[in-house]
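Topology and contacts: notes
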Amino acid sequence: MSNKLQGKVAVITGGNSGIGLATAQLFAKEGANVVIFGRNAETLKGAEASLEGRGIAVQGDVSNLADLDRLYATVKERYGNIDVLYVNAGVAAFAPLEASDEAFFDRLFDINVKGAFFTVQKSLGLLNDNASIILTGSVAGQVGMPNTSVYGATKAALRSMARTFSAELVGRNIRVNNISPGPIVTPIFDRMGLPKEAIDDFSKNVVTQVPLGRFGQANEIAQAALFLASTDSSYIVGTDLVIDGGMTQV
Ligand code: NAD
């Protein structure tokens, strides 16, 4: 390893699963102390153990502002300030326009948009100058895939926040960027409440739209997050890094 994050403190929301977990493990290997935040106490415990002493887990819900206050109180007490904030926690759920009711809309916006917004806002007092913030959009925020009007809108909001937060924080040399993953192999699809056949059909259909002809792996996003977290990306501010096997670009 190249110790690109030696001595840095990184906070990763949703660091107990999928992309967040792969990134937490990579950041820890690169020398960071990592604080992971997520809802599931059991997977948090396993994820914390996998960091081999280079991190701690805090349980909570990003859409609950008191939980975010508790997260940052713990970070402050344990590590002081923050160098890298990866706003990764999110949920996916797909439904046609006519079947997307108010509860469905509110759940996605509460977690993906409100949760992300206050994860950043409440970190401000702990962020070091020169910190890197990484937000999480999606290809669904950029193209018109059927059944993703609510999910896609939450992710388009994240891309917008990367620009506006950058404008407000650049005076402290804090860089904010967005990652827009394409289809990545993680447990997110199993959590959508769909029958296995529906997920299989969806996956088969998506792969036909990816020039590289496959799903991405969580580690392929983690490597990009490492790039944006480290000084390797020191001149990159407010951008969107699309990592989708060419799905929206070719
Ligand atoms: P995942 O389900 O494996 O991980 C999501 C993480 O977010 C989990 O750790 C979960 O605990 C956490 N989380 C969810 N709701 C939360 C809440 N209210 N409070 C705290 N933590 C919460 O999924 P993943 O695929 O690793 O997703 C990570 C991010 O990447 C998400 O924002 C997702 O929308 C985005 N994304 C994923 C894909 C993909 O194909 N996997 C594509 C585009 C974008």
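Here's a quick rundown of the structure. It should be emphasised that the depicted structure is a prediction, and the values quoted were computed from it without experimental measurement.

**Digging into the overall build of the chain**
- Each helix and strand in the chain was counted, giving seven helices and nine strands.
- On C-alpha atoms alone, the chain measures out to a radius of gyration of 17 Å, which is about the 18 Å that the 2.2 N^0.38 rule sets for 250 residues.
- Expressed as lengths along the three principal axes of its C-alpha atoms, the size of the chain is roughly 45 × 35 × 35 Å.
- Counting all 250 residues of the chain, 50% fall into the buried class.
- Counting contacts in the chain only where the partners sit at least 6 residues apart, residues at least 24 apart contribute 71% of the total.
- The positive charge centre, built from 21 side chains, and the negative charge centre, built from 24, are 6 Å apart in the chain.

**Some details on helix α1 (residues 18-29)**
- Over its 12 residues, α1 extends 17 Å from the first C-alpha to the last, a length consistent with the 16 Å expected when each residue adds 1.5 Å.
- All of the buried residues along α1 are Gly 18, Ile 19, Gly 20, Ala 22, Thr 23, Ala 24, Leu 26, Phe 27 and Ala 28.
- Those residues of α1 that are buried are in contact with β1 (9-13), β2 (33-38), β4 (82-86), β6 (175-181), β7 (184-185) and α7 (218-229).
- Note on α1: the residue one or two positions beyond its end, Gly 31, has a positive phi of about 100 degrees.

**Brief notes about the site of the ligand**
- Neighbouring residues of the ligand: 29 residues in total, closest Asn 16, Ser 17, Tyr 151, Thr 186 and Arg 191.
- One of the backbone nitrogen or oxygen atoms of Gly 90 is found 3.5 Å away from an oxygen atom of the ligand.
- A distance of 2.8 Å is found between an oxygen atom of the ligand and a side-chain nitrogen or oxygen belonging to Tyr 151.
- In isolation the ligand has 820 Å² of accessible area, and contact with the protein removes 97% of it.

**Quick look at the packing of aromatic side chains**
- Scanning the model with the defined rule gives seven aromatic pairs in all.
- Ring geometry for Phe 117 and Phe 118: centres 5.0 Å apart, planes at 75 degrees, overall edge-to-face.
- Clustering of aromatic rings is evident, with ring pairs tying together Phe 94, Tyr 151, Phe 189, Phe 202 and Phe 215.

**What about the sheet that holds β2?**
- Spatial strand order, β3-β2-β1-β4-β5-β6-β9: seven strands in an open sheet with parallel pairing. Edge positions in the sheet fall to β3 (55-59) and β9 (240-243), since each of these pairs with one other strand and no more. With strand direction ignored, the average angle separating the axes of adjacent strands in the sheet is 20 degrees.
- Sheet topology places β6 next to β9; four bridges connect them, and they run parallel. Of the residues in β9, the one forming a bridge with Ser 180 is Val 242.
- Seen against the sheet, helix α5 (residues 149-169) touches β5 (127-136), β6 and β9 and runs at an angle of roughly 165 degrees to β6.

**Examining the pattern of salt bridges**
- Scanning the model with the defined rule gives six salt bridges in all.
- Asp 69 is the partner of Lys 122 in a salt bridge, and the nearest nitrogen-oxygen pair spans 3.0 Å. Residue Lys 122 is found in the loop between α4 (102-121) and β5, and its partner Asp 69 is found in helix α3 (residues 65-79); the two are separated by 53 residues along the sequence.
- In this structure Lys 122 comes out as partly exposed when scored by relative accessible area, which is 26%.
- With a closest N to O distance of 2.8 Å, Asp 200 and Lys 196 form a salt bridge. Remark: Lys 196 and Asp 200 occur in helix α6 (residues 196-208); sequence separation between them is four residues, near one turn of the helix.

**Describing the nonpolar core**
- Membership of the largest hydrophobic core comes to 47 residues, with the highest contact counts inside it found for Leu 71, Val 75, Leu 85, Ile 133 and Leu 135.
- For this core, the elements supplying multiple residues, two or more each, are β2, β3, α3, β4, α4, β5, α5 and α6.
- The leading source of residues in this core is α5, at seven residues.
- For Leu 85, the contacting residues outside a window of four places in its chain are Val 11, Tyr 72, Thr 119, Val 120, Ser 123, Leu 127, Ser 132, Ile 133 and Ile 134.
- Formed by 29 residues, the second largest nonpolar core is a distinct cluster that contains Ala 28, Val 34, Tyr 86 and Leu 228.

What counts, and where the lines are drawn
- Residues numbered from 1 in each chain as written.
- Predicted model: local features only at pLDDT ≥ 70, side-chain atom pairs only at ≥ 80, totals over all residues.
- Heavy atoms only, no water.
- Helix = DSSP H or I, 4+ residues; strand = E, 2+ residues; numbered from the N terminus.
- Rg over C-alpha atoms; globule rule 2.2 N^0.38 Å.
- Buried < 20%, exposed > 50% of the residue type's maximum accessible area, 1.4 Å probe, protein only.
- Contact = heavy atoms within 4.5 Å.
- Lys, Arg positive; Asp, Glu negative; His and termini not counted.
- Charge placed at Lys NZ, Arg CZ, Asp CG, Glu CD.
- Expected span 1.5 Å × (residues − 1).
- Near = heavy atom within 4 Å.
- Polar contact = N/O pair within 3.5 Å; in protein donor to acceptor, adjacent residues only side chain to side chain.
- Areas by Shrake-Rupley, 256 points an atom, 1.4 Å probe, with all protein chains shown as cover.
- Phe/Tyr/Trp six-rings, centres within 6.5 Å; stacked < 30°, edge-to-face > 60°.
- Pairing = 2+ DSSP bridges.
- Axes fitted to C-alpha atoms, helices over the stretch in contact; angles between N-to-C directions.
- Salt bridge = Lys/Arg side-chain N within 4 Å of Asp/Glu carboxyl O.
- Core = buried A, V, L, I, M, F, W, Y, C linked by side-chain atoms within 4.5 Å.

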